[in-house]
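If you want the building blocks of each chain, they are given just below.
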Amino acid sequence: MKYAGIDIGSRSMEVVVLEDGEVVAFRQAETGHAPLEQAKTLLEGLSWDCLLATGYGRSLVAEAFQCTTATEIKAYARGARELFPDVETILDIGGQDCKVISLRENGKIKKFEMNDRCAAGTGKFLEIMAATLGFGIEEFGERALDGRDTLKINSMCTVFAESEVVSLISRGEKPEDIALALHASVAFRASSMLRRIGSSEKLLFAGGVARNACMSKLLEKLLQHQVMVPEYPQRVGAYGAALLAQEER
């Protein structure tokens, strides 16, 4: 039996296929302006006995493929617990949202908080700032690690923060120092959300931004404990969806 999970986010989508409890297929693509067509392309050529959709676009896929759905909160909780059985808190920084999920001892959701009303503190924020500084998004974190902790970004609004960055560039500040300050502002916002929800030291960092080494380092510094990052942080939601599909059969 094969079980597939697809996570349709605002910026990207991922699909995971499980067979005998092992990941036998993983694909990822940009969501784009036509998420259903992109989802169909992503699923093309794959086979499954049961499919479950999660994320912002789950209803589109559910209608097209006649499959079940689950919220991204539930999918992330399930995927995270499978990867790290003792995890108690999940931080997911995605393309256009940031969410914190607190789990009970049995893995069920205790409470959660989500910021999905603006780009502040999300992957989109970092993407825009990287472009403003002339960095590729893949190198942004690495360049920030070379920066000195001498600057501070005062605004988390993307528009105002971009103006700050332009002003700092015109003052002759080093791009690496500005990059570090930008990462620090995102890490501080995330740590504030974690503290509000009552984060524990058993914290899993998921989502595409979790691949950014600077973000993980700054979070550990602010929280004063290690942060768990899975090998493929961007597929936690799709993995959880596939596990839920398996449990529904």
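Being a predicted model, the structure only gives us computed values, none of them experimental. (Residues numbered from 1 in each chain as written. Predicted model: local features only at pLDDT ≥ 70, side-chain atom pairs only at ≥ 80, totals over all residues. Heavy atoms only, no water.)

**A look at the overall build of the protein chain**
Next, step 1: Summing up its helical and strand segments, the protein chain has 9 helices and 9 strands in all.
Next, step 2: Relative to the compact-globule value of 18 Å for 249 residues, the protein chain shows a C-alpha radius of gyration of 18 Å, a close match.
Next, step 3: Of all 249 residues assigned to the protein chain, the portion counted as buried reaches 51%.
Next, step 4: Counting contacts in the protein chain only where the partners sit at least 6 residues apart, residues at least 24 apart contribute 64% of the total.
Next, step 5: As displayed, the protein chain offers around 11900 Å² of accessible surface, 47% of which is attributable to carbon and sulfur atoms. (Helix = DSSP H or I, 4+ residues; strand = E, 2+ residues; numbered from the N terminus. Rg over C-alpha atoms; globule rule 2.2 N^0.38 Å. Buried < 20%, exposed > 50% of the residue type's maximum accessible area, 1.4 Å probe, protein only. Contact = heavy atoms within 4.5 Å. Areas by Shrake-Rupley, 256 points an atom, 1.4 Å probe, with all protein chains shown as cover.)

**Describing the sheet that holds strand β9 (residues 203-206)**
Next, step 1: The mixed open sheet is built from 4 strands, whose spatial order is β8-β7-β6-β9. The sheet is open, and its two edges are formed by β8 (109-115) and β9, each paired on a single side. Strand-to-strand, the axes of this sheet are offset by a mean angle of 15°, without reference to chain direction.
Next, step 2: In the packing of helix α7 (residues 175-197) onto the sheet, contacts are made with β6 (89-93), β7 (98-103), β8 and β9, and the angle to β8 comes to roughly 150°.
Next, step 3: Contacts from helix α8 (residues 213-223) reach β6 and β9 within the one sheet, and its direction differs from that of β9 by about 155°. (Pairing = 2+ DSSP bridges. Axes fitted to C-alpha atoms, helices over the stretch in contact; angles between N-to-C directions.)

**With respect to the confidence of the model for the protein chain**
Next, step 1: Of the residues in the protein chain, 99% have a pLDDT of 70 or more, and the chain-wide mean is 94.
Next, step 2: The spread of mean pLDDT over the elements of the protein chain runs between β8, the lowest at 92, and strand β5 (residues 68-69), the highest at 98. (pLDDT = per-residue confidence, 0-100.)

**Considerations on the pairing of β6**
Next, step 1: In terms of burial, β6 is a largely internal element, 5 of the 5 residues being buried.
Next, step 2: Of the two faces of β6, the one holding Thr-89, Leu-91 and Ile-93 and the one holding Ile-90 and Asp-92 are both buried throughout.
Next, step 3: Between the end of β6 and the start of β7, which pair antiparallel, lie 4 residues.
Next, step 4: Relative to β9, β6 is paired through 4 bridges, and the arrangement is parallel. Among the inter-strand pairings, Leu-91 is bridged to a residue of β9, identified as Phe-205.

**Considering the packing of aromatic side chains**
Next, step 1: Following the criterion strictly, the structure yields 3 aromatic pairs and no others.
Next, step 2: Plain terms: the ring middles of Phe-26 and Tyr-232 are 6.4 Å apart, the flat faces sit at 45° to each other, and that makes the pair tilted. With Phe-26 in strand β3 (residues 22-30) and Tyr-232 in the loop between α8 and α9 (236-248), the pair connects residues that are 206 residues apart, well separated along the chain.
Next, step 3: We classify Tyr-232 as partly exposed; its relative accessible area is 35%.
Next, step 4: A centroid spacing of 6.0 Å and a plane angle of 45° characterise the contact between Phe-135 and Phe-140, whose relative ring orientation is tilted. In terms of burial, Phe-135 and Phe-140 fall into one category: buried.
Next, step 5: We note Lys-99 situated over the ring of Tyr-76; from NZ or CZ to the ring centre the distance is 4.9 Å. (Phe/Tyr/Trp six-rings, centres within 6.5 Å; stacked < 30°, edge-to-face > 60°. Lys NZ or Arg CZ within 6 Å of the ring centre and 35° of its normal.)

**A look at the nonpolar core**
Next, step 1: The biggest cluster of nonpolar side chains holds 40 residues, and the ones touching the most others in it are Leu-91, Ile-93, Phe-125, Leu-133, Phe-140, Leu-182 and Phe-205.
Next, step 2: The set of elements that each furnish at least two residues to this core consists of β6, β7, α4 (123-133), α5 (137-145), α6 (158-170), α7, β9 and α8.
Next, step 3: Tallying contributions element by element places α7 first for this core, with 11 residues.
Next, step 4: Apart from the residues within four sequence positions on either side, Leu-133 is in contact with Phe-140, Val-165, Ile-169, Pro-175, Ile-178, Ala-179 and Leu-182. (Core = buried A, V, L, I, M, F, W, Y, C linked by side-chain atoms within 4.5 Å.)

**Here's the deal with the pattern of salt bridges**
Next, step 1: Following the criterion strictly, the structure yields 13 salt bridges and no others.
Next, step 2: We note a salt bridge from Asp-177 to Arg-148, for which the minimum N-O separation is 2.7 Å. In this pair, Asp-177 is assigned in helix α7 and Arg-148 in the loop between α5 and α6, connecting sequence segments 29 residues apart.
Next, step 3: Looking at Asp-177, the relative accessible area reads 2%, which means it is buried.
Next, step 4: Here Arg-148 falls in the partly exposed class, since its relative accessible area comes to 46%.
Next, step 5: In the salt-bridge network here, residues are joined through shared partners; they are Arg-11, Lys-124 and Glu-127. (Salt bridge = Lys/Arg side-chain N within 4 Å of Asp/Glu carboxyl O.)

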